[in-house]
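Listed below are the residues making up each chain.
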Amino acid sequence: MDPRTNMQQDYDLDTLAVRAGTARSQFNEHSEALYLTSSFVFESAAQAAARFSGEEEGNVYSRFTNPTVTAMQQRLAALEGGEACVATSSGMSAIMATVMALMSAGEHIVASRGLFGATQQLFTNILSRFGIRTDFVPATDLAAYEAAIRPETRLIFVETPSNPLTELVDIAALAQIARRRGVRLVVDNCFCTPALQRPLSMGADLVVHSATKYLDGQGRIIGGAVVGAKPELEEIFRFLRTAGPSLSPFNAWVILKGLETLRIRMQAQSATALELARWLEGHGRVARVHYPGLPSHPQHALAMRQQASGGAIVSFEVRGGREDAWRVVDNCRLLSITANLGDTKTTITHPASTTHGRISPEAREAAGIREGLLRVAVGLESFNDLRDDLAQGLSQI
Ligand SMILES: *Cc1c(COP(=O)(O)O)cnc(C)c1O
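Residues numbered from 1 in each chain as written. Predicted model: local features only at pLDDT ≥ 70, side-chain atom pairs only at ≥ 80, totals over all residues. Heavy atoms only, no water.

Peer 1: Could you give me a rundown of the sheet that holds strand β2 (residues 108-112), with the residues and numbers involved?
Peer 2: A sheet is described by the order of its strands in space; here seven strands give the open sequence β1-β7-β6-β5-β4-β2-β3, paired in mixed fashion. Both outer strands of the open sheet, β1 (84-88) and β3 (133-137), are each paired with one neighbouring strand and no more. Across the sheet, the axes of successive neighbouring strands diverge by a mean angle of 20°, strand direction being ignored. Pairing between strand β6 (residues 206-210) and strand β7 (residues 224-228): five bridges, direction antiparallel. Among the inter-strand pairings, V208 is bridged to a residue of β7, identified as V226. Helix α3 (residues 67-80) rests against β1, β6 and β7 of the sheet, and its axis sits at about 125° to β1. (Pairing = 2+ DSSP bridges. Helix = DSSP H or I, 4+ residues; strand = E, 2+ residues; numbered from the N terminus. Axes fitted to C-alpha atoms, helices over the stretch in contact; angles between N-to-C directions. Contact = heavy atoms within 4.5 Å.)

What follows is the structure in structure tokens.
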């Protein structure tokens, strides 16, 4: 086994983050090279035939494989503790590829309620047209997942913590149910990343990522990935190389660089998020704070068992309604008004009018996404500056 490319048995996460997946060219470059090429040249007609038939391993065309993408896949697989990884053009194409590769018409998904908006739309409005049905259950209710499983169920799909209310799914307990019922468990690990949570080590079968968020971590690219065991990943790879939502080498290279600082970024951003959550909890204009790292979070004990820290997303409800929440947003000078997350720059979002704006007010209220709710995705600025900015915004209501 090549110690340069397959290191997951021997090294800690911090070491894997900067070393795993390294494969040098004839120039022996120290930093990973970027191979901006769509295709690869063969030495003979016979070699071309052998590469195309799969008899000989090697690159053919960058929709299939590319050395920079391969390096990124190996590094992320090592961090998640998975056998294999397939990179995709976005987080959504990672989810689409997983479903399209592993499921057929007539089959069924059980998903946690409160999934990322596009994932809900994919499951509800698009996959349903191809005969794949999804039932949504409350994220925290283990019995509800089990009760929703039917003979044709193939996947349980969850996100933990959820957006924006930071509800947690007990991954180990749900993995046991999934295993007992012969269903695969897929975890969208976007919010925690392997720096804080490793679902495969808790029994999940597959991890999907939006690399757009913390894996790059600097708001520069769109990308995604699926990590898990080789047989499933081979199926997903076969879908991807044919259907085509592959990751560009340039974006893979950006993600490779992002992964090197993943742990220190997640640690720093989580530490600031915890400080902000504590401060918000004591603020007179704040009615409630949702943050898994606070003892007041209903699943705090599970969070501390399952995650290395509370993560970098803090949601809070201001006293008042939409107007008051908007006033806070509009009076922040430092925080960016954007729905994105996982950036070094802190962002603030009003979920009820943006990410969850298309849901009916009644359904939104039932889901706990109130008009006064704000979500902050904490970046790398100082706690003092972020606190002062939010204090300034909150002073206007
Ligand atoms: C952003 C996001 C996605 C989708 O990822 P894209 O890279 O935008 O396609 C999926 N799941 C979660 C939890 C996300 O935050």
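Peer 1: Got a sec to walk through the pairing of strand β5 (residues 184-188)? Specific residues and values, please.
Peer 2: Within a regular beta strand, the side chains point alternately toward one face of the sheet and then the other, so they alternate between its two faces. Among the five residues that make up β5, four are buried, leaving the element largely enclosed by the rest of the structure. As paired elements, strand β4 (residues 153-159) and β5 share five bridges and run parallel to each other. Within the sheet, the bridge partner assigned to F157 lies in β5 and is V186. Between the parallel elements β4 and β5, the chain passes through helix α7 (residues 171-180) in a crossover that is right-handed. Taken together, the three bridges between β5 and β6 define a ladder with parallel strand orientation. Paired with D188 across the bridge in β6 is V208. (Buried < 20%, exposed > 50% of the residue type's maximum accessible area, 1.4 Å probe, protein only. Right-handed = clockwise from strand over helix to strand, strands pointing away.)

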